[in-house]
Amino acid sequence: MNIPNMLSVFRIALIPVFGYVYLNANEQPWFYIAALILLISGITDFLDGVIARKFNMITQLGKILDPLADKLTQAAVCILLGVRYPEFWVILALFIIKELIMLAAGLKLYRRDKRLDGSKWFGKLYTVVFYVVMLMIIGFPNLKTQLVFGLLVVMAMFMLFAFLMYIPVFIKLNKKKE
């Protein structure tokens, strides 16, 4: 197992640590610590891709582990925020719908022996927006409800944008001849 794959496994291992700290946080500095754990996850997400590309360490396992770590982290954060903020379940529902549709499209391509060559810039942009918004909400739990709602709307718009941008990519790959 190479370094990028170990970083992806580390990100997956951080999920229960983040969950425990965040769910048990009731005052600072615990919310900062939960945000720090999420920040470390985001940094390792960035690093595993950079290291894999720069040092030619891209592997089939990494092509599975990295997006799996991304989706598990994002799902866990959404679920945990939904526990604290019931209004967050709308974002979680959007996330789940988006991911199920993308999974179905990916499986269809896989059955036809076609692959999406890594995430696209719009997927990466959404991931950055996701981390920034989540870090703000988690690190600063006393933000005004209107601000949290505004941040969630911005994040949802980027999620929708990335989803809509992936549609023609999947269609083009699906139509592509062998």
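Predicted model only: the values in this text are computed from it and were never measured. (Residues numbered from 1 in each chain as written. Predicted model: local features only at pLDDT ≥ 70, side-chain atom pairs only at ≥ 80, totals over all residues. Heavy atoms only, no water.)

*Asks:* Provide a residue-level description of the overall build of the chain, including the pertinent values.
*Replies:* The secondary structure content of the chain amounts to six helices and zero strands. The order of α-helices and β-strands along the chain, N terminus first, is α-α-α-α-α-α. Expected size for 178 residues packed as a compact globule is a radius of gyration near 16 Å; at 17 Å, the chain falls within 12% of this value. By its C-alpha atoms, the chain is 55 × 35 × 20 Å across when sized along the principal axes. Expressed as a percentage of its 178 residues, the buried residues of the chain come to 42%. Considering only residue pairs separated by 6 or more positions, the chain has 80% of its internal contacts joining residues 24 or more positions apart. Here the chain has roughly 10600 Å² of accessible surface; of this, 73% comes from carbon and sulfur atoms. Taken together, the 19 basic and 10 acidic charged side chains of the chain have centroids lying 9 Å from each other. (Helix = DSSP H or I, 4+ residues; strand = E, 2+ residues; numbered from the N terminus. Rg over C-alpha atoms; globule rule 2.2 N^0.38 Å. Buried < 20%, exposed > 50% of the residue type's maximum accessible area, 1.4 Å probe, protein only. Contact = heavy atoms within 4.5 Å. Areas by Shrake-Rupley, 256 points an atom, 1.4 Å probe, with all protein chains shown as cover. Lys, Arg positive; Asp, Glu negative; His and termini not counted. Charge placed at Lys NZ, Arg CZ, Asp CG, Glu CD.)

*Asks:* I'd like a description of a nonpolar patch on the surface, backed by residues and values.
*Replies:* Side chains of Phe10, Leu36, Leu39, Ile40, Ile43, Phe46 and Leu47 sit close together on the surface and give an oily, nonpolar patch of about 610 Å² of accessible area. For the nonpolar patch, the element with the most residues is helix 2 (residues 30-54), which contributes six residues. Relative to the helices and strands, Leu47 is located in helix 2. (Patch = residues over 30% accessible without salt bridge, like charges linked within 9 Å, V, L, I, M, F, W, Y side chains within 5 Å. Salt bridge = Lys/Arg side-chain N within 4 Å of Asp/Glu carboxyl O.)

*Asks:* Tell me what's going on with the confidence of the model for the chain, and back it up with residues and numbers.
*Replies:* For the chain, per-residue confidence averages 90 on the pLDDT scale, and residues scoring 70 or more make up 99% of the total. The weakest mean pLDDT in the chain belongs to helix 4 (residues 89-111) at 82; the strongest belongs to helix 1 (residues 3-24) at 97. (pLDDT = per-residue confidence, 0-100.)

*Asks:* Can you break down the packing of helix 1 against helix 2 residue by residue, with the values?
*Replies:* The N-to-C vectors of helix 1 and helix 2 enclose an angle of 165°; their axes lie 9 Å apart at closest approach. Relative to helix 2, helix 1 is oriented roughly antiparallel. Helix 1 and helix 2 meet at a crossing whose hand is left-handed. Class assignment of the residues belonging to the contact of helix 1 with helix 2 gives a composition of 19 nonpolar, three polar and three charged. (Axes fitted to C-alpha atoms, helices over the stretch in contact; angles between N-to-C directions. Parallel < 35°, antiparallel > 145°, perpendicular 65-115°, else oblique. Left-handed = near helix turned anticlockwise from the far one by under 90°. Nonpolar A, V, L, I, M, F, W, Y, C, P; charged D, E, K, R; others polar.)

*Asks:* I'd like a rundown of the packing of aromatic side chains, residues and numbers included.
*Replies:* If you walk through the whole model with that rule in mind, you get nine aromatic pairs. Ring plane angle 75° and centroid distance 6.2 Å describe the contact between Tyr22 and Phe31, whose orientation is recorded as edge-to-face. Judged by its relative accessible area of 6%, Phe31 is buried. Judged by centre distance (6.1 Å) and plane angle (45°), the ring pair of Tyr166 and Phe170 falls under tilted. Taken as a pair, Tyr166 and Phe170 lie in helix 6 (residues 145-175) at a separation of four residues, close to a single helical turn. Following the ring pairs from residue to residue traces out a cluster consisting of Trp121, Phe122, Phe161, Tyr166 and Phe170. Seen from the ring of Tyr22, Arg84 lies directly overhead, with NZ or CZ sitting 4.7 Å from the centre. (Phe/Tyr/Trp six-rings, centres within 6.5 Å; stacked < 30°, edge-to-face > 60°. Lys NZ or Arg CZ within 6 Å of the ring centre and 35° of its normal.)

*Asks:* Residues and numbers for the nonpolar core, please.
*Replies:* One finds Met134, Ile138 and Met155 to be the most contacted residues of the largest nonpolar core, which totals 35 residues. Elements that contribute at least two residues to this core include exactly helix 1, helix 2, helix 3 (60-84), helix 4, helix 5 (121-139) and helix 6. The leading source of residues in this core is helix 5, at nine residues. Grouped together as the second largest cluster of nonpolar side chains are eight residues, Leu109, Phe163, Tyr166 and Leu173 included. (Core = buried A, V, L, I, M, F, W, Y, C linked by side-chain atoms within 4.5 Å.)

*Asks:* How would you explain the pattern of salt bridges if you had to name every residue and give the values?
*Replies:* Between side chains of opposite charge, a pair can form when the charged atoms approach closely. On inspection of all chains with the given rule, the structure shows six salt bridges. Across the pair Arg11 and Asp45 runs a salt bridge, and its minimum N-O distance is 3.3 Å. Taken together, the residues Arg11 in helix 1 and Asp45 in helix 2 connect sequence positions 34 residues apart. Judged by its relative accessible area of 0%, Arg11 falls in the buried class. Across the pair Glu99 and Lys71 runs a salt bridge, and its minimum N-O distance is 3.5 Å. Of this pair, Glu99 sits in helix 4 while Lys71 is found in helix 3, placing the two residues 28 residues apart along the sequence. According to the relative accessible area criterion, Glu99 is buried, its value standing at 14%. When its relative accessible area of 31% is taken as the criterion, Lys71 is described as partly exposed. Each of the salt bridges in this network shares a partner with another, and the network as a whole consists of Arg11, Asp45, Asp48, Asp66 and Asp70.

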